[in-house]
Every structure is written in C-alpha cells, then in structure tokens.
Amino acid sequence: MTSAAPPRPAGRPAILVIDGHVDAGRALLVPRGELVHGCADILAEALATLPAEGVGRVDLDMRGVVFMDRAGLRFLDLLDGYSHRRAVRATATNWHGQPLRLLELAGLDTTDPLRATAHRPEPPPAPEPCAAPAERLHVLEEEVEQLRRALASRPVIDQARGVLMALHACTPDEAWHILREASQLSNTKLRVVAAAVTAGAENDGPAPPPEVRAALRTALDRLGR
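Residues numbered from 1 in each chain as written. Predicted model: local features only at pLDDT ≥ 70, side-chain atom pairs only at ≥ 80, totals over all residues. Heavy atoms only, no water.

## Digging into the overall build of the chain
Right, so step 1: Per the secondary structure count, the chain includes 8 helices and 6 strands.
Right, so step 2: Each helix and strand of the chain, placed in order from N terminus to C terminus, yields the pattern β-β-β-α-β-β-α-β-α-α-α-α-α-α.
Right, so step 3: For the chain, buried positions account for 41% of its 225 residues.
Right, so step 4: Here the analysis covers contacts within the chain between residues at least 6 apart in sequence; of these, 62% occur between residues at least 24 apart.
Right, so step 5: Per element, the accessible surface of the chain, about 12200 Å² overall, is 54% carbon and sulfur. (Helix = DSSP H or I, 4+ residues; strand = E, 2+ residues; numbered from the N terminus. Buried < 20%, exposed > 50% of the residue type's maximum accessible area, 1.4 Å probe, protein only. Contact = heavy atoms within 4.5 Å. Areas by Shrake-Rupley, 256 points an atom, 1.4 Å probe, with all protein chains shown as cover.)

If you want it as structure tokens, here you go:
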C-alpha cells in the first residue's frame, strides 16, 4: 500500500509518501518526506485503504519525516480522530530532528504525541501566564521559517549530503543530521555549512572554516564515523 501526494512542479519531489502493510491485525504505516500543507489528505487516503475490519491498531513510524510545519499538527489530529472513530489504538513514534523540536514547542509528548491527547478528558486550565502559548507559537513559527529557508537551499545541501555519504559511508539521513548538527554547533547557517563541505570536496577547494570543520568532526564522531 502506497499513498503519494498530488503531482508537484517538475524537479520537486512529492511532499509525502506513505508506505505500509497490515499484519496480524496491526497496520504499520511509514511516512517519508515532509508534513506540510496537504499531508493530512495523504494520510486520509492511506487510512482509507485499510481493511474495514480486523485492524486493532495503527502504528506510524515517523523516522522518514524530515520536515514539519503546523500542518503536521493537523496530520496528528486526523490520526487521533481516526483512532477515536474506529476505536483502534494509534501511535506515531520515532520522531527526530526538526519535527521532534516542533513537537517539543507544541507541548506534545515527543515519544508519541497521540499519547498526550488520546482518550482522556480535557485538562484543567494551565497556571502559566496567558502570553506563554503565544510566545511558544512565535518561537515555533520562527524555527519553521528557518527550515523553509534551508529547504530553499536544497541543491547545495543535497550536494553536501552526497559528499558526506561518499567520504564517510553514511546514509542520507545521517548526512542530513551531520549537516544540521554542524550548523548548530558552529552557529553557522545550514546552507553555509553545506557550501563549505561541497567546496572543500573539489580539487584544490578551500577547507571549511575552522569552526565548521570542528563542528563537522564532532557530528561525525557522535555517529561513529
């Protein structure tokens, strides 16, 4: 079972693909891509293909999701609603990277955000100041905007990922995490780190700046590369 997004302009990948299968009453769905506008519709299509009977739980493995904006929260609301309507257990686990950070800012359980809302009464009003949720949303939107700018720089980022994969025998996801961590550790924009990695791989190309080089080494060490 595979559900993909509507066609996008030439050269742009589908925002989200959901693969999955049903075994012994358990449906395992594996989204890959971005949780952005339209992702809830793609999930709805995937859920609609599940058998009407015999499925007791639906588990989503989110490790293939590399980016998420506020539309991802609607994605989770849809899954939670499906769980209630069909009286089946639903989970969404294995979050990482920027989507995990967004869940933290939204105040959701980062192990399984559905666990924070499913099958429980509305909580009492929080004692925190009224401004706190608005401030948290502002931080969230700033981080999403930063990631959007990073995605706009994907050609150089993808080249840098390819360089890291070739030099260090890492996976695409590992290469992405190396770049993100190096960006954070060196306080350098992601596209600048990626450009430095790409330029350094060329014949007689300049080495990355010392702070970027040190951050890359730390990120590689943490992956055991």
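## Quick word on unusual backbone geometry
Right, so step 1: With a phi angle near 50°, alanine 169 is a residue other than glycine that sits in the positive phi range.
Right, so step 2: The class for alanine 169 is exposed, based on a relative accessible area of 58%.

## A short note on the confidence of the model for the chain
Right, so step 1: Summary statistics for the chain give a mean pLDDT of 81 and a share of 76% for residues scoring 70 or more.
Right, so step 2: For the chain, per-element mean pLDDT is lowest for strand S1 (residues 2-4), which scores 45, and highest for strand S4 (residues 57-61), which scores 97.
Right, so step 3: The model gives residues 2-13 a pLDDT under 50, and that stretch makes 21 contacts with residues more than four places away or in other chains.
Right, so step 4: Here residues 117-131 scores under 50 on pLDDT; set against residues more than four positions off or in separate chains, the count is 7 contacts. (pLDDT = per-residue confidence, 0-100.)

## Focus: the nonpolar core
Right, so step 1: Of all hydrophobic cores here, the largest spans 32 residues; its most connected members are Leu35, Val58, Leu60, Phe75 and Leu79.
Right, so step 2: Beyond its immediate sequence surroundings of up to four residues, leucine 60 is in contact with Leu29, Pro31, Leu43, Phe75, Leu79, Thr91, Ala92 and Thr93.
Right, so step 3: Formed by 19 residues, the second largest nonpolar core is a distinct cluster that contains Ile157, Ile178, Ala182 and Val197. (Core = buried A, V, L, I, M, F, W, Y, C linked by side-chain atoms within 4.5 Å.)

## Considerations on the side chain of glutamine 98
Right, so step 1: On the secondary structure map, glutamine 98 appears in helix H3 (residues 97-105).
Right, so step 2: Here the side chain of glutamine 98 touches methionine 68 through a polar contact of 2.7 Å, landing on its backbone oxygen. (Polar contact = N/O pair within 3.5 Å; in protein donor to acceptor, adjacent residues only side chain to side chain.)

## Let's talk about helix H6 (residues 172-186)
Right, so step 1: For H6, built from 15 residues, the straight-helix expectation of 21 Å at 1.5 Å per residue is met to within 8% by its first-to-last C-alpha distance of 21 Å.
Right, so step 2: Looking at H6, one finds that the buried residues are Ala175, Trp176, Ile178, Leu179, Arg180, Glu181, Ala182, Ser183 and Ser186.
Right, so step 3: Within two residues after H6, asparagine 187 carries a phi angle of roughly 55°, on the positive side. (Expected span 1.5 Å × (residues − 1).)

## A word on the packing of H6 against helix H7 (residues 190-200)
Right, so step 1: It is at 9 Å that the axes of H6 and H7 come closest, and there the two elements cross at 115°. As for the relative orientation of H6 and H7, their crossing is right-handed in sense. Along the contact surface, H6 presents Trp176, Leu179, Arg180, Ala182, Ser183 and Ser186, while H7 presents Leu190, Val193, Ala194 and Val197.
Right, so step 2: Residue composition of the contact of H6 with H7, by class: 7 nonpolar, 2 polar and 1 charged. (Axes fitted to C-alpha atoms, helices over the stretch in contact; angles between N-to-C directions. Left-handed = near helix turned anticlockwise from the far one by under 90°. Nonpolar A, V, L, I, M, F, W, Y, C, P; charged D, E, K, R; others polar.)

## Some thoughts on the pattern of salt bridges
Right, so step 1: Counting across every chain of the model gives 10 salt bridges.
Right, so step 2: Put simply, aspartate 109 and arginine 115 hold a salt bridge, and the shortest N to O gap is 3.0 Å.
Right, so step 3: In this structure aspartate 109 comes out as partly exposed when scored by relative accessible area, which is 24%.
Right, so step 4: Overall, arginine 115 belongs to the partly exposed group, its relative accessible area being 47%.
Right, so step 5: Arginine 222 is the salt-bridge partner of glutamate 181, the closest N and O atoms lying 2.2 Å from each other. Of the two residues, glutamate 181 sits in helix H6 while arginine 222 sits in helix H8 (residues 210-222), which places them 41 residues apart along the sequence. (Salt bridge = Lys/Arg side-chain N within 4 Å of Asp/Glu carboxyl O.)

## Quick notes on the pairing of S4
Side-chain direction in a regular strand flips from residue to residue, so the side chains alternate between the two faces of the sheet.
Right, so step 1: Judged by how many residues are buried, S4 sits mostly within the fold: 4 of 5 residues are covered.
Right, so step 2: Handedness of the crossover is the feature at issue here: the chain leaves strand S3 (residues 26-35), passes through helix H1 (residues 39-48), returns alongside S4, and the resulting connection is right-handed.
Right, so step 3: Judged from the 5 bridges that link them, S4 and strand S6 (residues 89-93) form a sheet pairing that is parallel. Each residue of the ladder has a partner; that of aspartate 59, found in S6, is threonine 91. (Right-handed = clockwise from strand over helix to strand, strands pointing away. Pairing = 2+ DSSP bridges.)

## Quick word on the environment of leucine 167
Right, so step 1: With respect to the helices and strands, the residue leucine 167 is situated in helix H5 (residues 154-168).
Right, so step 2: Remark: the alpha-carbon pair of leucine 167 and alanine 201, spanning 34 residues in sequence, is separated by 9.3 Å.

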